Amino acid sequence: MPEPYWPKKKDYLLSNLNDGRQMVRVRCCYCRRTHNYFPSDLIQIFGDVDVDSLMCRMKCEGCNSPGSIRVDAFSPTGSEAVGLRVRRLVAIKIQRVPVWRDE
Ligand SMILES: [Zn+2]
């Protein structure tokens, strides 16, 4: 197998987590909400992006404050995996925004 040509730095794509059965934990520093996500759900929204880049892409659902999001990849093990609440993607809603003009 040839080595990949890109530098092996900390670029961690969401699809890498899928392979390793890892999950994504998203925390808000302000209101201390924590949600756990499956990488496959996040890929549907953001595409197969770098995990760290989610910190700028996601917004806290509670306080809406920008820049308060911390994102970690983790592998739920044993006791942690039991009863772990996972925030699943139910649907992606397309918002209809009216645009008006006086005539
Ligand atoms: Zn918050």
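Quick caveat, the model's predicted, so the values are computed rather than measured.

Rules behind the numbers
Residues numbered from 1 in each chain as written. Predicted model: local features only at pLDDT ≥ 70, side-chain atom pairs only at ≥ 80, totals over all residues. Heavy atoms only, no water. Salt bridge = Lys/Arg side-chain N within 4 Å of Asp/Glu carboxyl O. Helix = DSSP H or I, 4+ residues; strand = E, 2+ residues; numbered from the N terminus. Buried < 20%, exposed > 50% of the residue type's maximum accessible area, 1.4 Å probe, protein only. Donors = N, O, S within 2.8 Å, 3.2 Å for Na, K, Ca; no water. Tetrahedral: all angles 85-135°; square planar, octahedral: opposite > 155°, others 65-115°. Arc of directions from axis to C-beta. Pairing = 2+ DSSP bridges. Axes fitted to C-alpha atoms, helices over the stretch in contact; angles between N-to-C directions.

Trainee: Looking at this structure, how should I read the pattern of salt bridges?
Mentor: In a structure, side chains of opposite charge can pair up when their charged atoms sit close to one another. Taken as a whole, this structure holds 5 salt bridges when the rule is applied. The shortest N-O distance in the salt bridge between Arg25 and Glu80 comes to 2.8 Å. Pair noted here: Arg25 is in strand S1 (residues 23-28) and Glu80 is in helix H4 (residues 78-81), with a separation of 55 residues, a long-range link. By relative accessible area, which is 31% here, Glu80 ends up partly exposed. Its salt-bridge partner being Asp41, residue Arg88 comes within 2.7 Å of it at the nearest N-O pair. Taken together, the residues Arg88 in the segment after H4 and Asp41 in helix H2 (residues 39-46) connect sequence positions 47 residues apart. Classification of Asp41 as buried rests on a relative accessible area of 4%.

Trainee: I'm lost on the coordination of the zinc ion in this one. Help?
Mentor: When four donors bind a metal tetrahedrally, each ideal donor-metal-donor angle is 109.5 degrees, and when six bind octahedrally, the ideal angles are 90 or 180 degrees. Protein ligation of the zinc ion involves Cys28 (SG), Cys31 (SG), Cys60 (SG) and Cys63 (SG), the donor distances falling in the range 2.2 to 2.3 Å. One way to put it: the 4 donor atoms around the zinc ion meet at angles of 104 to 119°, and that makes the site tetrahedral. Here the donor residues of the zinc ion share one chain and are spaced in sequence as C-x2-C-x28-C-x2-C. You can see Cys28 sitting in strand S1 and its partner Cys60 sitting in the loop between helix H3 (54-57) and strand S3 (69-74), a full 32 residues away along the chain.

Trainee: Please clarify how H2 should be interpreted in this entry.
Mentor: Side chains that are three or four residues apart share a direction in an α-helix, a result of its 3.6 residues per turn. Within the span of H2, buried status applies to Pro39, Asp41 and Leu42. Along the long axis of H2, the arc covered by the buried residues comes to 155°, so they all point the same way. The positive-phi residue at the C-terminal boundary of H2 is Gly47, with phi of around 85°.

Trainee: What should I look at first to understand the sheet that holds S1 in this one?
Mentor: By definition, the strands of a sheet pair up through backbone hydrogen bonds, in either a parallel or an antiparallel sense. Strand order in this open sheet of 3 strands is S2-S1-S3, and the pairing throughout is antiparallel. Pairing within the sheet leaves two strands with one partner each, and these edge strands are strand S2 (34-37) and S3. Between one strand axis and the next, the sheet turns through 20° on average, direction left out of account. Of the pairings in the sheet, the one linking S1 to S3 comprises 6 bridges and is antiparallel in character.

Trainee: How do you make sense of unusual backbone geometry when you look at a structure like this?
Mentor: Phi at Arg32 takes a positive value of approximately 60°, unusual for a residue other than glycine. Following the sequence through the fold, Arg32 ends up in the loop between S1 and S2. A positive phi angle, close to 60°, is found at Asn64, a residue other than glycine. Looking at the element boundaries, Asn64 is found in the loop between H3 and S3.

Purely geometric numbers; function is a separate question.
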